Amino acid sequence: MPRRVAIVGAGVTGLVAGRELARRGFAVTLVERWPDVAGQASAFEVAPDVWLERYYHHLFPSDREMIELHEELLPGELEWYPSSVGIFTRGRVYPFVTPKDLLTYAPLPLADRVRLGFVVLRLVGRTDWERMDDIGALEWLRRTCGERAVRSVWLPLMLGKFGDDAELIPLAWLWSKFVLRRGKGASAGRERLGYPRGSFRAICVALAQDLRKRGAVIELDREVVAVRPEGDGFALQCAAPGAYRRPIGNATMESGRDLRADIVLLTTPTTATAALCEWPAEYRARLEAWTYRAAVVLLLEMRRAYLDVYWMNVADMDVPFLGMVEHTNLVPADRYPGRYLYVSNYVAPDDPLTRLGPDALLQHYLAALKLMNPSFRPEDVLRYWAFREDAAQPVPRVGNRRRLLPFDTPRNGIFVANTTQIYPEDRGTNYSVRLGRDVAKVISERHG
């Protein structure tokens, strides 16, 4: 009999790991609390058979793992578009892509602009990420860029992303944003970004279809609330249907919905993983030492374009959000019934902002939307939605490589794979593909 593997979570990591294990002859069951696959890449229909992600996504040319997966399963569906980036500060938008943009960035004196440019080039040229992991990013930036550049550019962005933890973020994390995500030299000209026709959900649906062809089972709307030892394997205790409507961790077990497996892979955030099993105290402490920033996204369907760029960083401490992404300034707008603008924030999971519904969130942002674009009118908004992901961004800290958990756990037969293990790269669908393949290889080596 093939070994039974239960994978908790049908996001990209879980789907890829399941596919690799099914290829190796394991009997695979994926268990997902949401009523659809894709995890943080999930989408919804803005019109019949027109899908859009709840949280903005794109690919860089360096994202080879996801690009190759598309070429295999959805050939010809991945398209590339010229991107544009701006930064809002002091009441106006500045382009922020090319070296020329940096040299004309008026909020900084010319000498500081030149210094900042040299510092970025110096950072991109480094390869000693482990050494950079022991250095605070803001500390290094103050020393190399100067205090004016930090106050004008870096501090608002780092505070907006990480809040009170901003001073603890390692330089290796910032380095990865320049080098590993965009590739060396990408800032020398206008970059191109990839987006799949049909949304990122399409590749997840294709993975799910491939899994089913290989005999795998995918259980949707089935939240796992506990994993207990049972005989030589495990029982996965599940909640009643509809539990996804409540915050994760609030559901209770419903009798008769248990699943059984010989091996379990948890692709859940460490905060959820800590609560799913009985762990030794030391290991539980390592799980609970990780913290996350929650993503709060207001998605606006607009009559007309709001921005002149695709990606807008906000370096103004008086604006109550971190950034804006106008999806239809990248992907052709004629594919959709309107123009789509993501207004993005990262906050602590218990921040009051996470409790605001769509109406309250829109009202909270209206003054800033008007400030950033005086021609904006509330009646320009046709429809709007609010989405929240409590474990969107793991918070790395100086010396972060020493905190990384292996795929193996102290419980023989239980494995973990989540975005905390991607470091020094930041989270993203590309690295989730690689993570799924890596953990499947380890499971196969241990139990194949």
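Residue positions are counted from 1 within each chain, in the order its sequence is given. Given that the model is predicted, a residue must reach a pLDDT of at least 70 before its local features are reported, and side-chain atom pairs must reach 80 or more before they are shown or counted; all residues, however, enter totals for whole chains, interfaces and linings. Heavy atoms from the whole structure form the basis of all side-chain values; hydrogens and water molecules are not counted.

### Examining the overall build of the protein
Note the threshold: The numbering of helices and of strands both runs from the N terminus, where a helix is a DSSP run of H or I of at least 4 residues and a strand a run of E of at least 2. For a compact globule the rule gives 2.2 Å times the number of residues to the power 0.38, and the radius of gyration it is set against comes from C-alpha atoms. By definition, residues are in contact when any of their heavy atoms lie within 4.5 Å. Each accessible area is a Shrake-Rupley result for a 1.4 Å probe, and residues are judged covered by the shown protein chains and nothing else. A positive count includes Lys and Arg, and a negative count includes Asp and Glu. His and the chain ends are not counted in either. The location of each charge is read from NZ of Lys, CZ of Arg, CG of Asp or CD of Glu.
Scanning the protein for helices and strands turns up 13 helices and 19 strands. Taken over C-alpha atoms, the radius of gyration comes to 22 Å for the protein, in line with the 22 Å a tight globule of 448 residues would show. Oriented by its inertia axes, the alpha-carbon framework of the protein measures out at about 70 × 50 × 40 Å. The contacts of the protein with a sequence gap of at least 6 include a subset with a gap of at least 24, amounting to 70%. Entry remark: accessible area of the protein is about 18,900 Å², with carbon and sulfur atoms responsible for 51%. Within the protein, one finds 60 positive and 55 negative side-chain charges whose respective centroids are separated by 3 Å.

### Topic: the pattern of salt bridges
Condition: We count a salt bridge whenever a side-chain nitrogen from Lys or Arg sits within 4 Å of a carboxyl oxygen from Asp or Glu. Each residue is assigned to one of three classes by its accessible area relative to the maximum for its type, calculated with a 1.4 Å probe on protein chains only: buried under 20%, partly exposed between the two thresholds, exposed over 50%.
Inspection of the entire model under this criterion finds 35 salt bridges. Put simply, Arg397 and Asp165 hold a salt bridge, and the shortest N to O gap is 3.4 Å. On the criterion of sequence distance, the pair formed by Arg397 in the loop between strand 18 (381-394) and strand 19 (414-416) and Asp165 in the loop between helix 7 (147-162) and helix 8 (171-178) is long-range, its members being 232 residues apart. Since its relative accessible area comes to 19%, Asp165 is described here as buried. The salt bridge partner of Arg304 is Asp380, with a shortest N-O separation of 3.0 Å.

### Side note on the side chain of Arg201
For clarity, the cut-off: By the criterion applied in these results, polar contacts are pairs of N or O atoms within 3.5 Å in which, for protein atoms, one can donate a hydrogen and the other can accept it, and in which residues neighboring in sequence qualify only through two side-chain atoms.
As for its position among the elements, Arg201 is in helix 9 (residues 201-213). Since its relative accessible area comes to 17%, Arg201 is described here as buried. Of note is the side chain of Arg201, whose polar atom sits 2.7 Å from the side chain of Asp36. Residues contacting Arg201, with those up to four places away along its chain left out, are Asp36, Ala38, Ala41, Ala43, Trp51 and Glu53.

### Things to note about helix 12 (residues 358-372)
What counts, and what does not: Every helix has an expected span of 1.5 Å times one less than the residues it contains. The seven residues ending at a residue and the seven starting there each receive a fitted axis; the angle between those axes is the bend at that residue.
For helix 12, which comprises 15 residues, the first-to-last C-alpha distance of 20 Å matches the rise-based estimate of 21 Å (1.5 Å per residue) to within 8%. Maximal helix bending in helix 12 amounts to about 40°, located at Tyr365.

### Structural notes on the sheet that holds strand 13 (residues 263-266)
Keep this limit in mind: DSSP bridges decide pairing: two strands pair if at least two such bridges lie between them. Comment: axis = line fitted to C-alpha atoms, over the contacting stretch for helices; angle = value between 0 and 180 degrees taken between N-to-C directions.
Strand order across the open sheet formed by 5 strands is 9-2-1-13-19, with parallel pairing between neighbours. Both edges of this open sheet fall to strand 9 (217-219) and strand 19, since each of them pairs with a single strand only. When the angles between neighbouring strand axes are averaged without regard to direction, this sheet yields 20°. One ladder, built from 4 bridges, connects strand 1 (residues 4-8) with strand 13; its direction is parallel. If you follow Ala6 over to strand 13, its bridge partner there is Val264. Across the sheet, helix 13 (residues 429-447) is in contact with strand 13 and strand 19; its angle to strand 19 comes to roughly 160°.

### Things to note about the pairing of strand 6 (residues 85-89)
For strand 6, the buried fraction is high: 5 of the 5 residues fall into the buried class. Side chains of strand 6 alternate between two faces, with Val85, Ile87 and Thr89 and Gly86 and Phe88 buried alike. Looking at chain direction, strand 6 and strand 15 (residues 311-314) are connected through 4 bridges and run parallel. Residue Gly86 lies in a different strand from strand 15, and its bridge partner there is Met312. Joining the antiparallel neighbours strand 6 and strand 7 (residues 92-95) is a turn of 2 residues, in which Arg90 adopts a positive phi near 55°.

### Observations regarding the confidence of the model for the protein
The following threshold applies: Looking at any residue, its pLDDT shows the predictor's confidence there, from 0 to 100.
Across the protein, the average pLDDT comes to 95, with 98% of residues at or above 70. Counting interchain partners and residues more than four positions distant, the pLDDT-below-50 stretch residues 184-188 has 8 contacts.

### Some points on the packing of aromatic side chains
Note on aromatic pairs: each is described by the distance of the centres and the angle between the planes. Test applied: Only Phe, Tyr and Trp rings take part, Trp by its six-membered ring, and two of them pair if their centres are within 6.5 Å. Stacked means planes under 30 degrees apart, edge-to-face means over 60, and tilted covers everything else. Two thresholds decide whether a charge sits over a ring: the Lys NZ or Arg CZ must be within 6 Å of the ring centre and within 35 degrees of the ring normal.
This model, assessed by the stated rule, comprises 17 aromatic pairs. For the ring pair Trp34 and Tyr244, a centre distance of 5.2 Å and an interplane angle of 70° mean the geometry is edge-to-face. Taken together, the positions of Trp34 in the loop between strand 2 (27-31) and strand 3 (43-47) and Tyr244 in the loop between strand 11 (233-238) and strand 12 (259-261) put the pair 210 residues apart, joining distant regions of the chain. Here Phe44 and Phe387 contribute two aromatic rings whose centre-to-centre distance is 5.5 Å and whose plane-to-plane angle is 55°, an arrangement assigned as tilted. Of this pair, Phe44 sits in strand 3 while Phe387 sits in strand 18, and the two are 343 residues apart along the sequence. Judged by relative accessible area, Phe44 falls into the buried class, the value being 11%. Among the aromatic residues, those joined into a ring-pair cluster are Phe44, Tyr55, Trp385 and Phe387. Stacked on the ring of Tyr94, the Lys or Arg Arg92 has its end atom at 4.0 Å from the ring centre. Looking at Lys161, its charged tip hangs above the ring of Tyr346, at a distance of 4.1 Å from the centre.

### Structural notes on the sheet that holds strand 10 (residues 224-230)
Hydrogen bonding along the main chain pairs the strands of a sheet, whether they run parallel or antiparallel. The 3 strands are arranged 10-11-12 in an open sheet whose pairing can be described as antiparallel. With partners counted over all chains shown, the strands left at the sheet margins are strand 10 and strand 12, one partner each. Averaged over all pairs of adjacent strands, the angle between strand axes in this sheet comes to 25°, irrespective of strand direction. Where strand 10 and strand 11 come together, 6 bridges link them in antiparallel fashion.

### Some details on the pairing of strand 14 (residues 292-302)
With 11 of 11 residues buried, strand 14 is to be regarded as a mostly interior element. Of the two faces of strand 14, the one carrying Tyr292, Ala294, Val296, Leu298, Leu300 and Met302 and the one carrying Arg293, Ala295, Val297, Leu299 and Glu301 are both buried. Inspection of the sheet shows strand 14 paired to strand 18 by 10 bridges, in the antiparallel sense. Among the inter-strand pairings, Ala295 is bridged to a residue of strand 18, identified as Glu389. Here strand 14 runs beside strand 17 (residues 339-347); their pairing, made up of 9 bridges, is antiparallel. Of the residues in strand 17, the one forming a bridge with Leu299 is Tyr342.

### Observations regarding the environment of Phe88
Summarising the element assignment, Phe88 is placed in strand 6. What Phe88 contacts, discounting residues up to four positions off in sequence, is Val93, Met312, Asn313, Val314, Ala315, Asp316, Val319, Leu371 and Met372.

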